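# Observations on the model geometry
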Amino acid sequence: MALTFLRGIQINPSMLYPSSYFARKHGVLYCCMRSAQTQTATQEKEQTKLKVSTQSQPKAVDKYLKDYEAVIGIETHVQLSTLTKAFCSCPYNYGSPPNTSVCPVCMGLPGALPVLNSKVIECAVRVGLALNCKLSMNSKFDRKQYFYPDLPKGYQISQFDIPIATGGYLDVDLPLEYGGGHRKFGITRVHMEEDAGKLLHTDGGSYSQERTLSHLNIRMDIDFLGFLIQVDLNRAGVPLLEIVSEPDMRTGIEAAEYASELQRLVRYLGVSNGNMQEGSLRCDVNISVRPIGQLEFGTKVEIKNLNSFSSVSRAIDYEISRQVQLHSQGQVDQIVQETRLWEEGAQKTVTMRKKEGLADYRYFPEPDLPGVTLTEEYVDNIRESLPELPEDKRRRYEKMGLSMQDVLFLANDNNIADFFDTTIAGGADVKLAANWIMGDIAAYMKNEKVTINEIKLTPQELGELIASIKDGTISGKIGKEVITLRVMI
Ligand SMILES: [Zn+2]
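Structural notes, computed from the coordinates. From a predicted model like this one, the values you see are computed outputs, not experimental measurements. Each chain has its residues counted from 1, following the order in which its sequence is written. With pLDDT at 70 or above as the cut-off, local features in this predicted model cover only qualifying residues; side-chain atom pairs require 80 or more to be listed or tallied, and sums for whole chains, interfaces and linings still use all residues.

### Overview of the nonpolar core
The condition that has to hold: Joined through C-beta atoms within 7 Å, a set of buried Ala, Val, Leu, Ile, Met, Phe, Trp, Tyr and Cys residues constitutes a nonpolar core. Every C-beta atom is placed from the backbone, and the number of other C-beta atoms within 10 Å of a residue's own sets its class: buried at 20 or more, exposed at 12 or fewer, partly exposed in between. Strands here are runs of E lasting at least two residues and helices are runs of H or I lasting at least four, both read from the DSSP assignment and numbered beginning at the N terminus. Each residue gets a C-beta atom placed from its backbone, and two residues are in contact if those atoms lie within 7 Å.
By size, the foremost hydrophobic cluster in this structure holds 77 residues, and its most contacted members are A124, V127, V190, L241, A255, V285 and V312. Examining the composition of this core, we find that 10 residues originate from one element, helix α4 (residues 252–269), more than from any other. The residues touching V127, leaving out its near neighbours within four places in the chain, are V190, L241, V266, L269 and V271. Within the second largest apolar cluster, 23 residues are counted, among which are Y397, L402, L462 and L465.

Written out as structure tokens, the structure reads:
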């Protein structure tokens, strides 16, 4: 079947997945699906364990905190792990030498035209459904105009007034060490957009030579006051989902757990590796404080560049204390609408820039891309292909009689959950299987820095071992020795 694209651009077939194709009818792009195959995302080797602290609050503010309520919302950018970028056939691999994965489209050269990667739509629909959102069956892309050297076109392709998904929620179970409990946080919207490039600040040394596109003899750098600022466009055009929460969180822990659950969700769905250190999942938080009982929101402050769950939690707790302190000292007027940065070393937030009114991005519909229409069949196929989601898994494990501590551990990583599920599917005792996985096996994985997929022991072997200990064939002590040997050999 001929694939119909705008202006008949010749595209690299590798950018299209066999599972879906586009058809253009009456000037509108239709997404259709042939099968329910999904791409497996690279799984991060080490799960980032959430560590949060409440130590960052100045003692003098403690007595006032109970009189105030913080209102927190989070905007999360999730980089999709598609094989190619959103609108061209360039691949994206984190850490590649600068400007080695670029083409006229993602470099924004005149006359180059975007062609949508159908996988971006599929990922967006998967996330929208998993977040219990309402999908827009007819959506479109828009241009968001702003100038910055890492944005070669002078605009970002995004979605403005018709995001692909709206009005959902995310279920979160708080860790027991922070009091436990279940929370439901609202999702305002999910929209698709493209990432920008990266600026590299150097002192003008030899760095620039190897960072140029030698075969095209293009140097992308800006000499500014003696400092060389270079542009790496590898990341330009990489597909992103921006997920905006409702302002439903009240503490740093809640916000960090929300972000952690979002990471778990995108990994379960296989749409992103969710790695914060590599920038695959980035959080900007908005915080305001108001006296308890007041309906009106306080002045909102934004904190950017939070690259770990622990910094999300600590930056928010610090900012709450700072704002409460200003409230309690009658200096509310000093809380201004601004963007602040979290300084990890000093453990405090500092002003990055004051906001002088809303930026005018002069959005308008992207004329180089057609509207996107989803068919019911396409959405139904994706819905049927969704894996069991973290929340469903936790509730299922809870019903098995496992403690919340066990439930949270096992469901945290979908590979560990799969190992556990396969073990008990063979008839192994549920609690004993959980104990072995959380005990000796987890300890081995932690010491050797390996994932459960990299150990030698199979779920079937673990099941047999548990059965042997249970029926008295071998003792628990021997079982431990066998496990130690079997995970390694
Ligand atoms: Zn490209």
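There's more to say after this.
### As for the packing of helix α2 (residues 118–130) against helix α6 (residues 376–385)
Under the convention used in this document: Here, axes are lines fitted to C-alpha atoms. For helices the fit covers the stretch in contact, and angles between N-to-C directions go from 0 to 180 degrees. Left-handed describes a crossing whose near helix is turned anticlockwise from the far helix through less than a right angle; right-handed describes the clockwise counterpart.
As a packed pair, α2 and α6 sit with axes 10 Å apart at the nearest point and diverge in direction by 65 degrees. Judged by the twist between their axes, the crossing of α2 over α6 is right-handed. When α2 is examined against α6, the residues E122, V125, R126 and L129 are found in contact with a partner set consisting of V379, I382 and R383.

### Describing the sheet that holds strand β4 (residues 134–135)
Formally: Two strands form a pair only when DSSP identifies at least two bridges running between them.
Ordered by their spatial adjacency, 9 strands build an open sheet running β4-β8-β9-β13-β3-β14-β15-β16-β17, and the pairing between neighbours is mixed. Among the strands making up the open sheet, the edge pair consists of β4 and β17 (348–354). Alignment of strand β8 (residues 165–173) against strand β9 (residues 182–194), held across 8 bridges, turns out to be antiparallel. Each residue of the ladder has a partner; that of G168, found in β9, is I187.

### Observations concerning the environment of Y146
Mapped onto the secondary structure, Y146 falls in the loop between β6 (142–145) and β7 (155–158). Along the chain, Y146 and Y363 lie 217 residues apart, while their C-alpha atoms are 10.0 Å from each other. Once residues within four sequence positions are removed from consideration, Y146 is found in contact with L151 and Y361.

### Digging into the packing of α2 against α4
As a reminder of what qualifies: Any angle that falls under 35 degrees is termed roughly parallel, while one over 145 is termed roughly antiparallel, one within 65 to 115 roughly perpendicular, and all others oblique. Note that Gly is not counted as nonpolar here; it falls among the polar residues with everything else outside the nonpolar set of Ala, Val, Leu, Ile, Met, Phe, Trp, Tyr, Cys and Pro and the charged set of Asp, Glu, Lys and Arg.
At their nearest, the axes of α2 and α4 sit 11 Å apart, and the two run at 130 degrees to each other. One element, α2, and the other, α4, form an angle in the oblique class. Where α2 crosses over α4, the two elements pack in a sense that is right-handed. Where α2 approaches α4, its residues R126, V127 and A130 are matched on the opposing element by L265, V266 and L269. Classifying every residue of the contact of α2 with α4 gives 5 nonpolar, no polar and 1 charged.

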